[in-house]
Amino acid sequence: MTAAPQPTAIPLVDLAAQQRRIGAGIGAAIKRVLAHGVYIMGPEVHELERQLSAYSGAPHVISCASGTDAIALLLMAKGLRAGDAVFVPSFTFSATAEPIALLGATPVFVDVLPDTFNIDPRSLEVGIATARALALKPKAIISVDLFGQPADYEALTKLAQQYRLDLLCDAAQSFGATWSGRKVGTIGSATATSFFPSKPLGCYGDGGAIFTADADLASRVRSLRVHGQGADKYDNEHVGMNGRLDTLQAAVLLQKLTVFEEEIVARDRIASRYGKALRGCVLTPTVSAEVTSVWAQYTVRVDPARRASIVRLLRDKNIATAVYYPKPLHRQIAYRAFPTASDGLPVSDVLSNEVLSLPMHPYLDETTQDRVIAAVIEAVG
Ligand SMILES: *Cc1c(COP(=O)(O)O)cnc(C)c1O
């Protein structure tokens, strides 16, 4: 007896499909960098910053080495220090909180909303009271636009004003999305994004960027990105870092930007199709009326007792899935000693047991989508 042939693998993100479309342009762009040889802060880096500014509408864009560095540079530029509290959702990737702790300040974890997976303004207010009770100085909010959907910035902007907090946006997953008709990068006092390969706009390595309308902040970030330099390389005004984006990565990103808008439209079309087909079978994601999502992930909620078996059944059909995130930050060994909003983070706990991300990328054709849909429906039963 011969085993049944394995169906074609459906990866979570298919960068090879994108390469079939724009690979030649990327190859040529890389060759141009090899020819001019300016590997650090070459012309492509400046051109990318100019194009990202034009695309987003943010007056100042500073590229950097990763999304994590983007957050760290922003916090350094804001002068964050020991005794300061920064409010972050617990249901996120560790890089949202890590730079806060690295700088000696205190991340205070707050809960998220069950429908959008984004920061819960009510829990944020509890977190602020918790921080004050601990004699910490409330300094900033880092809101996360999880899975590509901007957070509730109407509520967050109000709370930031009321409590005199800086509103910083972790848009690592949401670059290209909009809130109230405004592009990500123009909301809050500054925004950080990531160009990690699997993000909606990804390069072929690590990369990130900072967006702001604040010229003073932008100039501090530019200095901090290159060892806190002043007038020149050997003049140091601040303790900074080596946080530059490589010229090669900027060249890749410039090519990817040419198809980025079309890719966002394709992602949105796939998400609507998934939504229609899967509604009633699993809890499908909701997108608030005032936002658009770039669908960094298509994340559903399933019965926690069934999740492992659903993952297995999909794997048997060669369909990749992922759990973002299996453990909220306030339960991680590295972060569990930090404060949480005093009335608990029940939604973060529930979500970590229920979420399941399905294959999502702009080159997922309808036949492949249908295979995913059929497999989920069969697995859920
Ligand atoms: C990916 C990600 C980051 C970190 O970006 P890197 O480029 O990997 O450093 C930060 N926050 C969130 C929410 C992310 O998804």
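Our subject is the structure that appears above.
Anyway, here's the lowdown on the structure attached to this text.

Cut-offs and rules
Residues numbered from 1 in each chain as written. Predicted model: local features only at pLDDT ≥ 70, side-chain atom pairs only at ≥ 80, totals over all residues. Heavy atoms only, no water. Helix = DSSP H or I, 4+ residues; strand = E, 2+ residues; numbered from the N terminus. Rg over C-alpha atoms; globule rule 2.2 N^0.38 Å. Buried < 20%, exposed > 50% of the residue type's maximum accessible area, 1.4 Å probe, protein only. Contact = heavy atoms within 4.5 Å. Areas by Shrake-Rupley, 256 points an atom, 1.4 Å probe, with all protein chains shown as cover. Pairing = 2+ DSSP bridges. Patch = residues over 30% accessible without salt bridge, like charges linked within 9 Å, V, L, I, M, F, W, Y side chains within 5 Å. Salt bridge = Lys/Arg side-chain N within 4 Å of Asp/Glu carboxyl O. Bend = angle between axes of the 7 residues up to and from the residue. 1 Å grid on protein atoms, 1.4 Å probe; cavity = no way out; pocket = protein on both sides within 12 Å on 5 of 7 lines; lining within 4 Å. Points joined across faces, edges and corners; volume = space filled by probe spheres on them. Nonpolar A, V, L, I, M, F, W, Y, C, P; charged D, E, K, R; others polar. Near = heavy atom within 4 Å. Polar contact = N/O pair within 3.5 Å; in protein donor to acceptor, adjacent residues only side chain to side chain. Sits in = over half its atoms within 2 Å of the grid points. Axes fitted to C-alpha atoms, helices over the stretch in contact; angles between N-to-C directions. Parallel < 35°, antiparallel > 145°, perpendicular 65-115°, else oblique. Left-handed = near helix turned anticlockwise from the far one by under 90°.

**Some points on the overall build of the chain**
- Each helix and strand in the chain was counted, giving 11 helices and 12 strands.
- For 381 residues, the compact-globule estimate of 2.2 N^0.38 gives 21 Å, and the C-alpha radius of gyration of the chain, at 21 Å, lies within 12% of that figure.
- C-alpha extents for the chain along the principal axes are approximately 75 × 60 × 40 Å.
- Burial statistics for the chain: of 381 residues in total, 55% are counted as buried.
- Considering only contacts within the chain whose residues lie at least 6 apart along the sequence, 73% involve residues at least 24 apart.
- Summed over its atoms, the accessible surface of the chain is roughly 16200 Å², and 55% of this surface lies on carbon and sulfur atoms.

**Considering the sheet that holds strand β7 (residues 182-183)**
- Ordered in space as β7-β6-β10, the three strands form an open sheet in which the pairing is antiparallel. At either end of the open sheet lies a strand with only one pairing partner, and these are β7 and β10 (291-292).
- Two elements, strand β6 (residues 178-179) and β10, share two bridges in a ladder whose sense is antiparallel. Bridge pairing in β10 links W179 to V291.

**Things to note about a nonpolar patch on the surface**
- On the surface, L34, Y39, I40 and L248 cluster together into a nonpolar patch covering about 350 Å² of accessible area.
- Its place among the elements puts L248 in helix α8 (residues 247-278).

**Remarks on α8**
- Along its length, α8 shows its largest kink, about 50°, at V259.
- Directly after α8, the chain includes G280, whose backbone phi takes a positive value near 95°.

**Quick word on the layout of surface pockets**
- The computed volume of the largest pocket comes to approximately 450 Å³.
- Around the largest pocket, the lining comprises 24 residues; the ones closest to its centre are F93, Q173, F196, K199 and Y325.
- A total of three residues in the lining of the largest pocket trace back to one element, the largest contributor, which is helix α3 (residues 67-77).
- Looking at the lining of the largest pocket, its residues break down into 12 nonpolar, nine polar and three charged.

**A closer look at the site of the ligand**
- Lining the immediate surroundings of the ligand are 15 residues, of which T68, D170, Q173, S194 and K199 lie closest.
- Within the contact set of the ligand, an oxygen atom lies 2.8 Å away from a backbone nitrogen or oxygen of G67.
- Take S194: an N or O atom from its side chain is 2.7 Å from an oxygen atom of the ligand.
- Relative to its unbound accessible area of 380 Å², the ligand is 92% covered by the protein chains.
- With respect to the pocket detection grid, the ligand is positioned in the largest pocket.
- In terms of residue class, the shell around the ligand is made up of five nonpolar, eight polar and two charged.

**Some thoughts on the pairing of strand β4 (residues 137-144)**
- In terms of residue burial, β4 counts as a mostly covered element, since six of its eight residues are buried.
- Bridging between strand β2 (residues 84-89) and β4 involves four bridges; their strand directions are parallel. Bridge assignment links V86 to a residue of β4, and that residue is A140.
- Of the strand pairs in this sheet, β4 and strand β5 (residues 166-170) are connected by five bridges, and their pairing is parallel.

**Structural notes on the pattern of salt bridges**
- Counting across every chain of the model gives 13 salt bridges.
- A salt bridge links E262 to R21; the nearest nitrogen and oxygen atoms lie 2.6 Å apart. Taken as a pair, E262 in helix α8 and R21 in helix α1 (residues 15-36) lie far apart in primary sequence, 241 residues in all.
- Residues D349 and R331 are paired through a salt bridge, measuring 2.7 Å at the closest nitrogen-oxygen approach.

**Re the sheet that holds strand β3 (residues 106-110)**
- Within the open sheet, the seven strands sit side by side as β1-β9-β8-β5-β4-β2-β3. Their pairing is mixed. In the strand order of this sheet, the two ends are held by β1 (60-64) and β3, each with one partner. In this sheet, adjacent strand axes meet at a mean angle of 25° when their direction is disregarded.
- Along the sheet, helix α2 (residues 43-56) makes contact with β1 and β9 (208-212), crossing β1 at roughly 135°.

**Remarks on the packing of α2 against α8**
- The contact between α2 and α8 brings their axes to 8 Å, and the two run at 25°. On the basis of the axis angle, α2 is roughly parallel to α8. Note on packing geometry: the crossing formed by α2 with α8 is left-handed. For the pair formed by α2 and α8, the contact residues are E44, V45, E47, L48, Q51, L52 and Y55 on the first element and T247, A250, A251, L253, L254, L257, F260, E261 and I264 on the second.
- When its residues are assigned to classes, the contact of α2 with α8 shows 11 nonpolar, two polar and three charged.

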